[in-house]
Amino acid sequence: MDQMPLDFDRPIVPTLRDPDLWLRELFSSQAARDGLVIRRKVRDIERFAGWDRFTAELTRRGYRAFENSGQVIIFCNHAPIQPIAPARDR
């Protein structure tokens, strides 16, 4: 019997029908629980939870997030965020 190989680089995606489950899984990851930084694709947030629900959960938790080039970086703590180098105009 042939079995499909496991892909350990891809996260297990909860059911698409429940945005609350997706958000709960996102914020219960080890990195989030440890107050670290997590990253998700913009399209995944839109597809699995929606921006309104996602931003409401960020606000409820007091977290900040930044979007850049199709990725959202979520800071799962309340520590200050300081830029390392100023942005240059292109």
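Structure: see above.
A brief look at the structure comes next. These numbers were taken from a predicted model, which means no experiment stands behind them.

You can see Glu57 is positioned in helix α4 (residues 51-61). Within the local environment of Glu57, its side chain forms a polar contact with the side chain of Arg60, the two groups lying 2.8 Å apart. With near-sequence residues (within four places) excluded, Glu57 lies in contact with Leu23 and Phe27.

This next bit is on the nonpolar core. Nonpolar side chains in soluble globular proteins tend to be buried together. Counting 16 residues, the largest nonpolar core has Leu26, Phe27, Phe54 and Ile74 as its most contacted members. Every element with two or more residues in this core is listed here: α1 (19-27), α3 (42-48), α4 and β3 (71-75). Here this core gets four residues from one element, more than from any other, and that element is α1. With sequence-adjacent residues up to four places away left out, Ile74 is seen in contact with Leu26, Phe27, Leu36, Val37, Ile38, Phe54, Leu58, Arg64 and Ala65.

Turning next to the pattern of salt bridges. For the structure shown, the criterion picks out four salt bridges. A salt bridge links Arg53 to Asp20; the shortest N-O distance between them is 3.5 Å. Pair noted here: Arg53 is in helix α4 and Asp20 is in helix α1, with a separation of 33 residues, a long-range link. Judged by relative accessible area, which is 39%, Arg53 ranks as partly exposed. Measuring nitrogen to oxygen at the nearest pair gives 2.8 Å for the salt bridge that ties Arg60 to Glu57. Taken together, the residues Arg60 and Glu57, both in helix α4 and three residues apart, mark about one turn of the helix. Looking at Arg60, the relative accessible area reads 61%, which means it is exposed. A cluster of three or more residues bridged by salt bridges with shared partners is formed by Glu57, Arg60 and Arg61.

What counts, and at which threshold
- Residues numbered from 1 in each chain as written.
- Predicted model: local features only at pLDDT ≥ 70, side-chain atom pairs only at ≥ 80, totals over all residues.
- Heavy atoms only, no water.
- Helix = DSSP H or I, 4+ residues; strand = E, 2+ residues; numbered from the N terminus.
- Polar contact = N/O pair within 3.5 Å; in protein donor to acceptor, adjacent residues only side chain to side chain.
- Contact = heavy atoms within 4.5 Å.
- Core = buried A, V, L, I, M, F, W, Y, C linked by side-chain atoms within 4.5 Å.
- Buried < 20%, exposed > 50% of the residue type's maximum accessible area, 1.4 Å probe, protein only.
- Salt bridge = Lys/Arg side-chain N within 4 Å of Asp/Glu carboxyl O.

Function cannot be inferred from these measures alone, as they are strictly geometric.
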